[in-house]
Amino acid sequence: VMEVEAMYLSPSSTSRINDRTDRHGSIDVDTPRSSDDNTSPLASPQFTHSVPDPTYLPTLVSWRAVPISHKNGGNNDVNADDHVYIPILAIRRQQVGEAERFNEDPAIVDIRLAPSDSNRFLSAIIDDDDDDDRDSTPMMQHGAHPNILKKSRWIPCANTNAHSPSPLLKYHPFILIQRNLPNGFVDLPFPARVLDRFPTKNYRGMPFPEEELPLFCYAGGSRLVRDKLRNLPMPRYFGFVVKNERGDSIYVSCMSFLEPITSQRKEELDQLSQERRRTSLPHRFSYQRRLSQRDDLFSKCHLVGFDDIVTFENKTICLVGRYPYWTEFRRFLTHLHLLSGSSSDIPLERNISHLLLSVPVPRPGGQCVLVPLSTMNEPMALLMPPLKDLPLVDLTYQMLFSALDVPTVVTIVLGFLCLEQKVILVSTRQSLVIDCCELLKSLLFPFEICAPYVPHLTTPFASCLQFPGATFVGIFDDGSEECLANTVRSSIPEDSIIVELDTGEINCAGNRYETLKAAYQIIPADSRSALIKEVETLCQNAGIVPGQEPLDCGFDSVIDSTAPSNISEAFGRKNNKQYEPLDDRAIRDSFLRFFCSILGGYERFLVVPDADFLISGNDWFDSSKFIAASVPSSTPFLNTLVGTQLFQSFIQRRTEASDVHCMLFDECLVEYHSSKVPYGVFGDGDLLVDQCATEPDDPLLDEVSSFMASSEVDDKQFP
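Residues numbered from 1 in each chain as written. Predicted model: local features only at pLDDT ≥ 70, side-chain atom pairs only at ≥ 80, totals over all residues. Heavy atoms only, no water.

Moving on, we get to the overall build of the chain. The helix and strand tally for the chain stands at 20 helices and 19 strands. Taking all contacts inside the chain whose residues are at least 6 apart in sequence as the whole, residues at least 24 apart take part in 72%. When the accessible surface of the chain is summed, it comes to about 38700 Å², and 51% of that surface belongs to carbon and sulfur atoms. (Helix = DSSP H or I, 4+ residues; strand = E, 2+ residues; numbered from the N terminus. Contact = heavy atoms within 4.5 Å. Areas by Shrake-Rupley, 256 points an atom, 1.4 Å probe, with all protein chains shown as cover.)

Pasting the structure below:
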């Protein structure tokens, strides 16, 4: 169908209806007539005008003038003076010739009626299910895409002025249409899969997440890119966390980049193009034109100018490990990227095998393992903290406080995450999402998140937002209209907040002011004020203005990791004043002292389980007596905290498994309440965790390499 018209015949055109009346008295509007037959209303040139002819506007028609056969004595019950409107649907069909098909408008693929509202504007009643019809299924190799022709938006038919209709057309139905829009290979997603892996076999207790990697790296499939070589973007760095069947976290660091399509991909596209040339005239015409312009002399030449249009495909290198070495793995991926563009004699595979087969994982509390990188100013440093110490965090808190101010961070950690509320982080900087998620989660020590934690949420896993209870996810906003971030913003899940890392704002489904006020005021006032003041002082000493630092450097572009570790050094500071780097350990120690201040004496209310552990873990703590003995200002916060799964898991680890981190917290708790001198910035400067944590081994001198090769290669664990 090429054109649809909605017309209302007036009395002056009733004779034409009689010409089209068949033996049953019905009106035939579906059979096209020749353009020479001027007696047919379908062939009238008035149907192609932008403004409807007055003859075809809605007009009262005498009932007896309507050429419709009335069965069962219909004329006996009708008054001769009655009038009726008669809508006529005129259809112009597509021709079958190749030239006509190519030159005419795109065909109409869907039709629906929509009435005009009281303001004389078209009211398009479009169901939400219409968007689901646009299939985003990746194109299968050596086959046609199921949705090779996509649909346009709903638009009024050509002869209807929908935005300012005539008063005569008020309250009458209009016809909306959707036309097909041809898709090119660049517009359609291709399926993503793992091309190669090393090592080829899995380690013990470390299965390779082959099915999960494409879903996180290419949620909607991999797409081709047509652009000039000079516009080739820098590689992007991001990461995500997946769980294995035992519940252990697997950390994946990724570097995504564009490169010209390979010969294998060209052969696949040629096969798809051959199939499309049989059914798509525009594709056939474009193919013939490009074939005639191609010079055989340079058809196999691999030299490309900077202004030449090149077809790129997206590829991603993933480094999978069981330890969160985000910064060091990023440094290694950058090293591989720089080597790929250099003339080094050492192949890239040798660097990968050296890291995975020769470099040991550092011993907890042991010496640092240094891996020299020829393209970097600094080596790759792998360090594992002692078992009785704060967990490993291979990131700097400067990223977090550059995006958010201190009261916002305190509210998110203590008012939402600690009390198991739904938190969604959104940013247009992909690596910033995973960094902020990991940093916020680390500030909950000694507690661990028990809710679903997805720092890089993609569309295939979006259903976790509808789970009852708490969730902590991060979403990358790629700027497209159909991205998951826009979907979540338009319909915020119930009882959840959205933290915009680019602007520092917090949005929620209900009353934003009341939600933030309740989350902020439930935190004990004295401990909250002391925590905010101390963290702000630490940021001030490092020359950081929380929530107001630039975010356009050092996050997404992988090559930026070759810059100085302190981002402020690269851009300088006012008055050229030298600042010390942000003390990340002091930031974590300040949050640890907050929990020590409100959980003092909790061990007295632990209930000793029976010998067979038949008592549930929920009954291993007398929460009612603990809350009754607490400070009144902390009662609302503790009353909510003790009912969370996060606190129950802490009590279970403390009672059942003698977790080393729980033991560290108990010692810090005793030291905090027994010390006469306060810790931190406003005390003697010492950190509480340093008084109780295990001392690491003495580091070696700089001129001595700290690389330690293991003789038992089969028994070690790899990163």
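From this point, things continue past the structure.
Applying the stated criterion to the full structure yields 16 salt bridges. The closest approach of N and O atoms between Asp 622 and Lys 625, which form a salt bridge, is 3.8 Å. When the shortest N-O distance is used, the salt bridge between Asp 659 and Arg 653 registers 3.2 Å. Residue class for Arg 653 comes out buried when judged on its relative accessible area of 14%. (Salt bridge = Lys/Arg side-chain N within 4 Å of Asp/Glu carboxyl O. Buried < 20%, exposed > 50% of the residue type's maximum accessible area, 1.4 Å probe, protein only.)

Attention shifts here to the confidence of the model for the chain. Per-residue confidence for the chain gives a mean pLDDT of 74; residues scoring 70 or more make up 66%. Here residues 96-104 is modelled with pLDDT under 50, and outside its nearest four sequence neighbours on either side it reaches 14 contacts, counting other chains as well. Per-residue pLDDT stays below 50 along residues 118-136; that stretch engages in 44 contacts with residues further than four places along the chain or on separate chains. (pLDDT = per-residue confidence, 0-100.)

Let us look at the environment of Ser 344. Position of Ser 344 relative to the elements: it lies in the loop between helix 6 (326-340) and helix 7 (348-357). Residue classification places Ser 344 among the partly exposed residues on the basis of a relative accessible area of 37%. For the pair formed by Ser 344 and Ser 374, sequence separation is 30 residues and the distance between their alpha carbons is 9.9 Å.

The next subject is the sheet that holds strand 15 (residues 422-427). Read across the sheet, five strands follow the order 16-17-15-18-19 without closing on themselves; strand pairing throughout is mixed. Bordering the open sheet on either side are strand 16 (453-454) and strand 19 (505-508), each of which pairs with just one other strand. With five bridges connecting them, strand 15 and strand 18 (residues 496-500) associate as parallel partners. Across the sheet, the residue bridging to Ile 424 is Ile 498, located in strand 18. Its contacts with the sheet put helix 9 (residues 406-417) on strand 15, strand 17 (472-476), strand 18 and strand 19, and the angle it makes with strand 15 is roughly 145 degrees. (Pairing = 2+ DSSP bridges. Axes fitted to C-alpha atoms, helices over the stretch in contact; angles between N-to-C directions.)

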